[in-house]
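Close look at the chain arrangement
If you want the building blocks of each chain, they are given just below.
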Amino acid sequence: MPTVRLCAEILPTGSQCRQFALKGHPWCHAHYQPYRRELNADTREIVAMIPAMDLFTVTLMLANTVHTLRTKETPPLHAQAIFDASAARLERLLEEQALAALQNANPVRSGNSQQQNGLQVVPMK
Ligand SMILES: [Zn+2]
């Protein structure tokens with residue numbers, strides 16, 4: 001009985017590619033090309049950095065992603081993975097801001113609230 005192998009590539013969303021691997025190769029037809037795997041690795045790297053980004057960096061990165069989506073440098077599914085991770089990050093930043101505002105409103109518990117409330121700008125690489 002022949003065994004069927006799935007493509008070894010990990011998609012930008014973090015899940016494994018569900019296409020069948022080509023005979024004698026670890027990848028499917030789409031991921032057989034090195035260029036496509038490099039693109040995947042680039043998007044995975046961006047998605048992995050998003051949880052540590054501040055508001056300014058997320059905004060710049062989103063503007064850049066919209067641009068590269070329009071010029072077709074970024075495939076729609078890659079952009080979707082970036083948008084999903086950004087939405088989660090923005091939600092978290094909003095929670096942190098609400099928490100900081102709450103601590104400012106309650107001076108008894110806010111030792112260093114001035115520092116926590118400030119936006120931190122991290123330069124893009
Ligand atoms: Zn694949």
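Refer to the preceding data block for the structure.
Residues numbered from 1 in each chain as written. Predicted model: local features only at pLDDT ≥ 70, side-chain atom pairs only at ≥ 80, totals over all residues. Heavy atoms only, no water.

1. Topic: the overall build of the protein
- In terms of helices and strands, the protein carries four helices and zero strands.
- Ordered by position from the N terminus, the helices and strands of the protein form the series α-α-α-α.
- Looking at the protein alone, contacts between residues at least 24 apart form 42% of all its contacts between residues at least 6 apart. (Helix = DSSP H or I, 4+ residues; strand = E, 2+ residues; numbered from the N terminus. Contact = heavy atoms within 4.5 Å.)

2. Comments concerning the coordination of the zinc ion
- At the metal site, the zinc ion is ligated by Cys7 (SG), Cys17 (SG), Cys28 (SG) and His31 (ND1), and these contacts range over 2.0 to 2.4 Å.
- Metal-centred angles of 104 to 115° between the four donor atoms at the zinc ion mark the site as tetrahedral. (Donors = N, O, S within 2.8 Å, 3.2 Å for Na, K, Ca; no water. Tetrahedral: all angles 85-135°; square planar, octahedral: opposite > 155°, others 65-115°.)

3. As for the packing of helix α1 (residues 34-49) against helix α3 (residues 76-105)
- It is the contact of α1 with α3, at a shortest axis distance of 9 Å, that shows an interaxial angle of 10°. If you check the angle between α1 and α3, you find them roughly parallel. For the pair α1 and α3, the contacting residues are Leu39, Asn40, Thr43, Ile46 and Val47 in the first and His78, Ala81, Ile82 and Ala85 in the second.
- When grouped by side-chain class, the residues that make up the contact of α1 with α3 number six nonpolar, three polar and no charged. (Axes fitted to C-alpha atoms, helices over the stretch in contact; angles between N-to-C directions. Parallel < 35°, antiparallel > 145°, perpendicular 65-115°, else oblique. Nonpolar A, V, L, I, M, F, W, Y, C, P; charged D, E, K, R; others polar.)

4. Structural notes on α1
- For α1, built from 16 residues, the straight-helix expectation of 22 Å at 1.5 Å per residue is met to within 8% by its first-to-last C-alpha distance of 23 Å.
- Listing the buried residues of α1 in full gives Arg37, Leu39, Asn40, Thr43 and Val47. For α1, the angular spread of buried residues about the axis comes to 155°, placing them on one side. In α1, the exposed positions angled more than 90 degrees off the buried face are occupied by Pro34, Tyr35, Glu38 and Ala48. (Expected span 1.5 Å × (residues − 1). Buried < 20%, exposed > 50% of the residue type's maximum accessible area, 1.4 Å probe, protein only. Arc of directions from axis to C-beta.)

5. Some remarks on the packing of helix α2 (residues 55-70) against α3
- Packing of α2 against α3 brings their axes to within 10 Å, and their N-to-C directions diverge by 160°. When the interaxial angle is binned, α2 and α3 end up roughly antiparallel. Judged by the twist between their axes, the crossing of α2 over α3 is left-handed. For the pair α2 and α3, the contacting residues are Leu55, Val58, Met61, Leu62, Thr65, Val66 and Leu69 in the first and Pro76, Ala79, Ile82, Phe83, Ser86, Arg89, Leu90 and Leu93 in the second.
- Across the contact of α2 with α3, the residue classes tally to twelve nonpolar, two polar and one charged. (Left-handed = near helix turned anticlockwise from the far one by under 90°.)

Taken by themselves, the reported measurements are silent on function.
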